[in-house]
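# A look at the structure
Residues per chain are reported as follows:
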Amino acid sequence: MSAEGSTKSPLAVVKDYFTALNDEDWDLMASVLHPQLDLIPSGSRPRIGSDKAITMFQKIFERFPVHQDNPTRFLEAGNTVVVEITFNGATQDGQVVSFDAVDIFDVEGGRICRLSQWFDTAALAAALQGE
């Protein structure tokens, strides 16, 4: 890790995460995630390691080739950043999907070491089934 990476504020690191996610910039993503990241996604099993997290994101974006995570509010407390997000996207067959989420980031040494993601997985499943 470069010395520059360790001087970034937790908020700056989290903003880089959203840039990487929305641009599918996996090199940037690897630089902001700690190699031993603890990822707790809504409705899914935890992932340990940045490589497993990036693989999970890539698989999600295969299903949602059109996607944009729009952070709408940031709350910073020490090394923790809580972000309210509106996700807008579309599936491979063009079905439009939108939902709100909350992500909680813990940042140490300029990298995200823990990320928990929260959204209504049942509502998303129902929307994808046309209910």
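Scroll up to find the structure this text is about.
Residues numbered from 1 in each chain as written. Predicted model: local features only at pLDDT ≥ 70, side-chain atom pairs only at ≥ 80, totals over all residues. Heavy atoms only, no water.

Check the secondary structure of the chain and you find five helices and six strands. Secondary structure of the chain in N-to-C order comes out as α-α-α-β-β-α-β-β-β-β-α. Over its C-alpha trace the chain gives a radius of gyration of 15 Å, about what one expects of a compact globule, namely 14 Å for 131 residues. Relative to its full complement of 131 residues, the chain shows a buried share of 40%. Considering only intrachain contacts with a sequence separation of at least 6, the fraction spanning at least 24 residues in the chain is 50%. In the form shown here, the chain has an accessible surface area of approximately 7100 Å², with 51% of it arising from carbon and sulfur atoms. Between the mean site of the 10 positive side-chain charges and the mean site of the 19 negative ones, the chain shows a separation of 5 Å. (Helix = DSSP H or I, 4+ residues; strand = E, 2+ residues; numbered from the N terminus. Rg over C-alpha atoms; globule rule 2.2 N^0.38 Å. Buried < 20%, exposed > 50% of the residue type's maximum accessible area, 1.4 Å probe, protein only. Contact = heavy atoms within 4.5 Å. Areas by Shrake-Rupley, 256 points an atom, 1.4 Å probe, with all protein chains shown as cover. Lys, Arg positive; Asp, Glu negative; His and termini not counted. Charge placed at Lys NZ, Arg CZ, Asp CG, Glu CD.)

This paragraph deals with the layout of surface pockets. Roughly 560 Å³ of volume is contained in the largest pocket. Top contributing element to the lining of the largest pocket by residue count: helix α4 (residues 50-63), with five residues. (1 Å grid on protein atoms, 1.4 Å probe; cavity = no way out; pocket = protein on both sides within 12 Å on 5 of 7 lines; lining within 4 Å. Points joined across faces, edges and corners; volume = space filled by probe spheres on them.)

Next up on the list: the nonpolar core. If you look at soluble globular proteins, the nonpolar side chains tend to sit buried side by side. Counting 31 residues, the largest nonpolar core has Tyr17, Met29, Leu33, Phe57, Phe105 and Ile112 as the members making the most contacts within it. Every element with two or more residues in this core is listed here: α2 (10-23), α3 (26-32), β1 (33-40), α4, β4 (80-90), β5 (96-108), β6 (111-118) and α5 (121-128). Looking at which element gives the most residues to this core, the answer is α2, with six residues. In this view, tyrosine 17 contacts Met29, Val32, Leu33, Phe57, Asp103, Phe105, Ile112, Leu115 and Gln117; residues no more than four positions away in its chain are not counted. (Core = buried A, V, L, I, M, F, W, Y, C linked by side-chain atoms within 4.5 Å.)

Counting along an α-helix, one turn takes 3.6 residues, and residues three or four places apart therefore face a common direction. Look at α2: 20 Å from first C-alpha to last across 14 residues, which is about the 20 Å you get at 1.5 Å a residue. Of all the residues in α2, the buried ones are Pro10, Val13, Val14, Asp16, Tyr17, Phe18, Ala20, Leu21 and Asn22. One or two positions beyond α2, positive phi appears at glutamate 24, with a value near 50°. (Expected span 1.5 Å × (residues − 1).)

Topologically, arginine 63 is positioned in helix α4. Between the C-alpha atoms of arginine 63 and serine 9, which are 54 residues apart in sequence, the distance is 32 Å. Setting aside chain neighbours within four positions, we find arginine 63 in contact with Ala90, Thr91, Gln92 and Leu128.

Turning our attention to unusual backbone geometry. With the exception of glycine, most residues fall at negative phi, and the peptide bonds are largely trans. Positive phi, close to 50°, is recorded for glutamate 24, a residue that is not glycine. Summarising the element assignment, glutamate 24 is placed in the loop between α2 and α3.

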